[in-house]
Amino acid sequence: MYKGAILDLDGTLWDSSFYEQRVVANSVSAMRMVGLPASSQKEAVSRLMEIREKDPNAPDHFDQLCRTYALIEEAAERIVRIGVDTYHNTRDSLLVPQLETINFLEFIAKEGFKSCIVTQGIREKQIDKLRRFGILGYFSVDGEEGSSIYTLENAADRTEGKRRLVLEAIADSEMDPFSSFVLEDRPYGIVAAKMAGIGYGIRIRQGKYADEDYDEVDKGVREDIAVSSLWEAVNAVKKLMPAERVLTVVQ
C-alpha cells in the first residue's frame, strides 16, 4: 500500500479566484468598449459573476449577460464574440506553469506520495488546465494520461459525491488512507475526504472561499491544519506525517 495525496485543483493547486477576477474584468471591459450598455464596469462584472455562480460550467455566460441588457441579436452576437476572444486571450496568459505548484508536487513525489486530483468541474477542462500548467504527468499511472484524475460535475450532494470519488481514488491507487492526506480549499472537500477515511486534512485558505465555514459537523472530519499557500503546505505535510507513521510501499 502507498501513502497518498488527495488534491483539489481550483483554489488549491492554483489561485483560481485571481484568475476568475482577471478574465471576467478583462472580458467585460472589452464588451463595454464595443457596446455593452452597462452603467459601470462594477455593475457588469457583478451581473456576470452572478451568472457564473449559478452555473459555473454553462457555455453561454456572455450570451446570458447580454440578455440581461435586452440587446438585439445582431449587437449581442458582436459583443459576445469580443468577450469570448478576450476571455481566451486572458486565459492563455494566465494558464501557464506555476512554480509554487510544481515545487509542491515535486516535494510530495519525492516523499513517496501517490497524487490524485479529486475536483469539481468538467473533466476535459480540468485536464486541459493541468496540461497547460505542465503538471499532468504527476497524475498519470502506468503511462495513462490523467488516469488519477477524478471529477465531480453536477452532483446533488457535493460532499457525498466527493466522498465516493475519494473512495474510488483510494482503491485505484492502492492507498493506505490512514497515512494519506487531503489538500482542499473548501470545508466540504475536507469533510468528504475524511469521511472516506483519509487520515489528515490540510486546508489552504486562499481566494473567495478562504473564510467559508463548516456546516455542523464533528471536529474529527475538519481540517487538522490550515495554510495560506502551497509553500506552507510543504511544512504542513512534514508536520502531519511523522516518519514512524508513514508507509512508503508494503513489499
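Everything here concerns the structure above.
Being a predicted model, the structure only gives us computed values, none of them experimental.

Here is what the cut-offs are and how they apply
Within each chain, residues carry numbers counting from 1 in the order of the written sequence. The predicted origin of the model limits local features to residues at a pLDDT of at least 70 and limits the giving and counting of side-chain atom pairs to 80 or more, whereas totals for whole chains, interfaces and linings rest on all residues. By convention in this description, side-chain values take in all heavy atoms of the structure and omit both hydrogens and water. We call a residue buried when its accessible area falls under 20% of the maximum for its residue type, exposed when it is over 50%, and partly exposed in between, using a 1.4 Å probe and counting protein chains only. Here a strand is any run of E in DSSP of at least two residues, a helix any run of H or I of at least four, and the numbering for each starts at the N terminus. Think of it as the arc spanned by the lines of direction from the helix axis to the C-beta atoms. Contact between two residues is taken to exist if any of their heavy atoms lie within 4.5 Å; hydrogens are not considered. When DSSP finds two or more bridges between a pair of strands, those strands are recorded as paired. For helices, the fitted axis covers only the stretch in contact; all axes are lines through C-alpha atoms, and the angles between them, taken along N-to-C directions, range from 0 to 180 degrees. Within 6.5 Å between ring centres, the rings of Phe, Tyr and Trp (the latter by its six-membered ring) count as paired, and their orientation is classed by plane angle as stacked under 30 degrees, edge-to-face over 60, tilted in between. Charge-over-ring placement is defined geometrically: NZ (Lys) or CZ (Arg) within 6 Å of the ring centre, and within 35 degrees of the ring normal. One side-chain nitrogen of Lys or Arg within 4 Å of one carboxyl oxygen of Asp or Glu is enough to make a salt bridge.

What follows is about helix α3 (residues 61-68). Every buried residue of α3 is accounted for by H61, F62, L65 and C66. Down the axis, α3 shows its buried residues gathered within 135° of arc, on one side only. Residues of α3 that are buried make contact with α1 (16-33), α2 (41-54) and α4 (73-94). A70 occupies a position one or two residues after α3 and carries a positive phi of about 55°.

Taken together, six strands build an open sheet; the order of strands is β3-β2-β1-β4-β5-β6 and the sheet is parallel. Each of the sheet's edge strands pairs with one partner strand only, and the pair in question is β3 (149-152) and β6 (225-227). Put simply, the sheet's adjacent strands are angled 20° from each other on average, direction ignored. In this structure, strand β4 (residues 181-184) lies alongside strand β5 (residues 200-204), joined through four bridges in parallel fashion. If you follow F181 over to β5, its bridge partner there is Y200. Along the sheet, helix α6 (residues 123-133) contacts β2 (114-120) and β3; its crossing angle with β3, the most-contacted strand, is approximately 135°.

Throughout the structure, instances matching the rule amount to four aromatic pairs. Connected via pairs of aromatic rings, a cluster forms that spans W14, Y19 and F133. The ring of Y69 has R47 sitting right over it, with the charged end atom 4.0 Å from the ring centre. Positioned over the ring face of Y188 is R158, at 4.4 Å from the centre of the ring.

To continue, consider the pairing of β5. Summarising burial for β5: five of the five residues are buried, a large majority. Every second residue of β5 is oriented toward a common face, with Y200, I202 and I204 on one face and G201 and R203 on the other, all of them buried. Pairing between β5 and β6: three bridges, direction parallel. Its bridge partner being in β6, R203 is matched across the sheet by A226.

All right, on to the side chain of T101 then. Tracing the chain through its elements places T101 in helix α5 (residues 99-110). Those residues in contact with T101 that lie beyond four places of it in its chain are L13, I135 and L230.

What follows is about unusual backbone geometry. Although it is not a glycine, A70 adopts a positive phi angle of roughly 55°. Mapping A70 onto the fold places it in the loop between α3 and α4. Of note, the phi angle at E174 is positive, near 55°, even though the residue is not glycine. One can find E174 in the loop between α7 (158-173) and β4.

Moving on, we get to the pattern of salt bridges. Counted under the stated rule, the structure contains 17 salt bridges. K129 is the partner of D10 in a salt bridge, and the nearest nitrogen-oxygen pair spans 3.0 Å. Note that D10 is positioned in the loop between β1 (4-7) and α1 and K129 in helix α6, a separation of 119 residues in sequence. Ionic contacts of the salt-bridge type, sharing partners, join the residues E20, R52, E53 and K208 into one network.

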